[in-house]
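A look at the structure
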Amino acid sequence: CVRACVCACACVLNLQVSYVTWGILQERIMTKTYGGENTSEEGQAERFTNSQFLVLVNRILAFAVACTAVVVIPHPAHATPLYKYSFCSISNILSSWCQYEALKFVTFPTQVVFKSCKVIPVMVMGKFVSHRTYAWYEYGIAALISVGVSIFLLADGSHSSKAGASTTVAGVIILCGYLTFDSFTSNWQKALFDQYKVSPLQMMMGVNLFSCLFTLASLIQQAQLLPSLAFLQRHPEAMYNITLLSVFSAVGQLFIYYTVRTFGPLPFTIIMTTRQLISIITSCILYGHVISVLGVAGAALAFIAVFTQAYLKSRGGAGGGSGAKKKPLSATVQANPSSPSKSLS
């Protein structure tokens, strides 16, 4: 009992520290300038704008961590054809790119609340990719989340100027892309888990291998690799931030796997939803974001719906929704914060 409590506390602490810090660093890298008069670095102030390079660095470190863990920890024989990892790798890259790119157009709190809508595209993709059915209450919860997020976005947009409103629309479109690609990733990975009994770390290694290759090839083809490296050479603080971002992302992934396997999806959902709330509060304090009372109400409605969905799923549902292939959304949606092979929500 004592050991279980210690393990639970360690998981809570590590997940909170890893992903709250990851969120802070993500916003720092994509929205703030490096260099200039107000820093210790010389040269003109400039922003880091290459989201693909961030994805590459994250994937390289995640691949290294997964390889090390697979070598150290005994695993079953690998039977999954390698090419099958490439499909969710591409969607994984695109969802990560959308996640970073959206911060150029929306605030970090808006991104976090919007990502709570992940349950909706996951259900849609589950229908088409995995041919799954859902209980009636899951449709109701999806509707509540949609209402909550809509209230938050409308309240946030009402404080924007005309130019700011159009910028928010661009950010919402990009975030919709994130949700679409990320939901495909989780459903494709679930299909591989079911068919080939691949371990989470093997999945992490396979997906990140292709992600490294695809992202590196894209950066070279677009002639963006050397300019990104030059930016890091000009601004060592950016290199430090990006390295920390990747470290916390990789460490967080390992604790995701351990927490879900040891304690189940409900405790994990509570931990990660609490983390999202802490991330929003921290971002508002550090970067001066203002959220209206109506916006707070919308965010609260969305997060309460997420908690309710996880609780009902842990109790075996609220009746209705028959079928042999019901999908535990709390496991699929929340165990995929960046998805199991990346960075989440």
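Residues numbered from 1 in each chain as written. Predicted model: local features only at pLDDT ≥ 70, side-chain atom pairs only at ≥ 80, totals over all residues. Heavy atoms only, no water.

Structural notes on the pattern of salt bridges
Any two side chains of opposite charge can pair if their charged atoms end up close together. Applying the stated criterion to the full structure yields 4 salt bridges. Here Lys104 and Glu101 are joined by a salt bridge, their closest N and O atoms 2.9 Å apart. With relative accessibility at 12%, the residue Glu101 sits in the buried group. (Salt bridge = Lys/Arg side-chain N within 4 Å of Asp/Glu carboxyl O. Buried < 20%, exposed > 50% of the residue type's maximum accessible area, 1.4 Å probe, protein only.)

Focus: the packing of aromatic side chains
Inspection of every chain in the model, using the stated rule, returns 8 aromatic pairs. Judged by centre distance (5.9 Å) and plane angle (75°), the ring pair of Tyr19 and Trp22 falls under edge-to-face. With a gap of 3 residues between them, Tyr19 and Trp22 both fall in helix α1 (residues 2–31), about one helical turn apart. Among the residues examined, Tyr19 registers a relative accessible area of 0% and is labelled buried. Positioned above the aromatic ring of Tyr34, the side-chain terminus of Arg28 is 4.0 Å from the ring centre. (Phe/Tyr/Trp six-rings, centres within 6.5 Å; stacked < 30°, edge-to-face > 60°. Helix = DSSP H or I, 4+ residues; strand = E, 2+ residues; numbered from the N terminus. Lys NZ or Arg CZ within 6 Å of the ring centre and 35° of its normal.)

Some points on the packing of helix α3 (residues 84–102) against helix α8 (residues 200–221)
Running from N to C, α3 and α8 cross one another at 65°; their axes reach a closest spacing of 8 Å. In this structure, the crossing between α3 and α8 has a hand that is right-handed. Judged by residue contacts, Tyr85, Ser86, Cys88, Ser89, Ile90, Asn92 and Ile93 of α3 engage Gln202, Met203, Gly206, Val207, Phe210, Ser211, Phe214 and Thr215 from α8. Taken together, the residues of the contact of α3 with α8 break down into 8 nonpolar, 7 polar and no charged. (Axes fitted to C-alpha atoms, helices over the stretch in contact; angles between N-to-C directions. Left-handed = near helix turned anticlockwise from the far one by under 90°. Contact = heavy atoms within 4.5 Å. Nonpolar A, V, L, I, M, F, W, Y, C, P; charged D, E, K, R; others polar.)

What to know about the confidence of the model for the chain
Chain-level statistics for the chain give a pLDDT mean of 80 and a share of 84% at 70 or above. Within the chain, helix α13 (residues 329–334) has the poorest average pLDDT of any element, 41, and helix α9 (residues 225–234) the best, 94. With pLDDT under 50 throughout, residues 318–345 is counted as low confidence; its partners more than four residues away or in other chains account for 119 contacts. (pLDDT = per-residue confidence, 0-100.)

Some points on the nonpolar core
Ile29, Phe48, Leu54, Ile145 and Val149 are the most contacted members of the largest nonpolar core, which totals 57 residues. With 7 residues, helix α6 (residues 136–157) is the single largest residue contributor to this core. With residues near it in sequence (within four places) discarded, Leu54 still touches Ile29, Met30, Phe48, Tyr100, Ile242 and Leu245. By size, the runner-up hydrophobic cluster in this structure holds 8 residues, among which are Cys88, Tyr196, Val198 and Phe210. (Core = buried A, V, L, I, M, F, W, Y, C linked by side-chain atoms within 4.5 Å.)

A closer look at the state of the cysteines
Under the defined criterion, the tally for this structure stands at 0 disulfides. No disulfide involves Cys7; its nearest neighbouring cysteine sulfur is the one of Cys11, lying 6.6 Å away. (Disulfide = S-S within 2.5 Å.)

Remarks on unusual backbone geometry
A negative phi angle is the norm for most residues apart from glycine, just as the trans form is the norm for most peptide bonds. At Lys197, a residue that is not glycine, the phi angle is positive and equals roughly 55°. Mapping Lys197 onto the fold places it in the loop between α7 (162–196) and α8. Phi at Ala223 is positive, roughly 55°, even though this residue is not glycine. The exposure class of Ala223 is exposed, given its relative accessible area of 53%.

With respect to helix α2 (residues 51–72)
Helix length check: α2 (22 residues) gives 32 Å between terminal C-alpha atoms against 32 Å at 1.5 Å per residue, within 8%. For α2, the secondary structure elements touched by its buried residues are α1, α3, α8, α9 and α10 (236–263). Of the residues that open α2, the one with a side-chain oxygen 3.1 Å from the backbone nitrogen of Gln52 is Asn50. (Expected span 1.5 Å × (residues − 1). Polar contact = N/O pair within 3.5 Å; in protein donor to acceptor, adjacent residues only side chain to side chain.)

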